[in-house]
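Chain and residue survey
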Amino acid sequence: MAPDFFHRPAETVARDLIGALLLVDGVGGRIVETEAYDINDPASHSFRGPTARNAPMFGPPGRAYVYRIYGLHWCFNIVCDAAQAGSAVLIRALAPTAGLGLMHARRNVSSIEQLCSGPGKLCQALAIGAEHNGAAVTAAPFAMSPAINPVVIAQGPRIGITAGAETPWRFAEAGSRFLSRPLREPE
DNA sequence: GTTCCGATGTACT
DNA sequence: GTACATCGGAACG
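Every chain's residues receive numbers from 1 upward, in the order its sequence appears when written. Chains carry letters from A onward and ligands carry numbers from 1 onward, assigned in written order. Per-residue local features of the predicted model are confined to residues with pLDDT of at least 70, and side-chain atom pairs are confined, for both listing and counting, to 80 or more; whole-chain, interface and lining totals are unaffected and use all residues. The side-chain numbers reported here are obtained from all heavy atoms of the structure, hydrogens and water having been left aside.

1. Quick word on the overall build of chain A
Segments assigned H or I by DSSP are reported as helices when at least four residues long, segments assigned E as strands when at least two residues long, and all are numbered from the N terminus. When helices and strands are counted, chain A shows 3 helices and 8 strands. Starting at the N terminus, the α and β elements of chain A follow one another as α-β-β-β-β-β-α-α-β-β-β. Buried positions account for 48% of the 187 residues belonging to chain A. For chain A, restricting intrachain contacts to residue pairs at least 6 apart in sequence, the fraction spanning at least 24 positions comes to 58%. All accessibility values rest on the Shrake-Rupley procedure with a 1.4 Å probe; residue burial counts only the protein chains present in the view. Surface summary for chain A: the accessible area is close to 8,600 Å², and the carbon and sulfur share equals 54%. We count Lys and Arg on the positive side and Asp and Glu on the negative side, and we leave His and both chain ends out. Charge placement uses NZ in Lys and CZ in Arg. For Asp and Glu, CG and CD serve respectively. The averaged location of the 15 negative side-chain charges in chain A is 7 Å from the averaged location of its 16 positive side-chain charges. When accessible area is computed with a 1.4 Å probe and restricted to protein chains, residues below 20% of their type maximum are described as buried, those above 50% as exposed, and intermediate ones as partly exposed. Contact criterion: two residues are considered in contact whenever any of their non-hydrogen atoms come within 4.5 Å of each other.

Below is the structure:
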């Protein structure tokens, strides 16, 4: 992944990440679902300014922002454009392609569809945690590369938020069986 | 298939 | 004290 890839608005990066490969220590798959957040967005952790938790969102692009949600799950974001500090893309689902055995062992589920079909699930499957917070996703243990084949992208409202719920900043590979929830393209 | 609920770190009123 | 970018299991149909 070129370093400048993340030096763009979160909405653009979120769209372009659909179909990209994401591996951590060789385990992962193709990104099929993302959400964009930025500093003008009431749903974003950065909306109310810097805190100890969201500090990576105000740092350089291309770094990981990993945080704990509901006290027990992890969520993995990639920080975007520093010129608009406080923007990031939440990685919500993968189509698993590498390290299936390890992911099954970590997740304890039987079907491949359940391995990475949600932000907390994929962090468990890829063993993403606090130790990755602030790390560059362009360097080991991460490995990323852009989408190879064209992807039909669907867009809609984000999941699990109340503030800013109408902003259609959720992106997904249309028709994928690995989404956290189905996404129907409007009209 | 659906709804309900508990687990609990971090930020906020 | 309450809310929250979630998940999995129980109960139900």
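2. Considering unusual backbone geometry
The omega torsion across A140 and P141 is 5°, close enough to zero to call that bond cis. The residue P141 is located in the loop between α3 (119-126) and β6 (142-145) in this model. A positive phi angle, near 50°, is found at D25, a position not held by glycine. By the element assignment, D25 lies in the loop between β1 (21-24) and β2 (27-37).

3. Considering the pattern of salt bridges
Whenever a carboxyl oxygen of Asp or Glu lies within 4 Å of a side-chain nitrogen of Lys or Arg, that contact is scored as a salt bridge. All chains considered together, the criterion is met by 6 salt bridges. As a salt-bridge pair, R92 and E33 come within 2.8 Å of each other at their nearest N and O atoms. One end of the pair, R92, is in strand β5 (residues 88-98); the other, E33, is in strand β2, and 59 residues separate them in sequence. The same class applies to R92 and to E33, which are both buried. Of the charged contacts in the structure, one is a salt bridge between R170 and E33, with a shortest N-O distance of 2.9 Å. Of this pair, R170 sits in strand β8 (residues 170-173) while E33 is found in strand β2, placing the two residues 137 residues apart along the sequence. In this pair, the class of R170 matches that of E33, namely buried.

4. Overview of the nonpolar core
Here, nonpolar core refers to any group of buried Ala, Val, Leu, Ile, Met, Phe, Trp, Tyr and Cys residues whose side-chain atoms link them within 4.5 Å. Counting residues in hydrophobic clusters, the biggest one holds 36 residues, and the most contacted among them are L17, F76, I91 and L126. Listed by contribution, the elements that provide at least two residues to this core are α1 (10-17), β1, β2, β3 (64-69), β4 (73-79), β5, α3 and β6. For I91, the residues in contact, after removing those within four places along its chain, are L17, L22, I31, E33, T34, F76, I78, P119 and L122. Listed in part, the 9 residues of the second largest apolar core include Y65, C75, V79 and A88.

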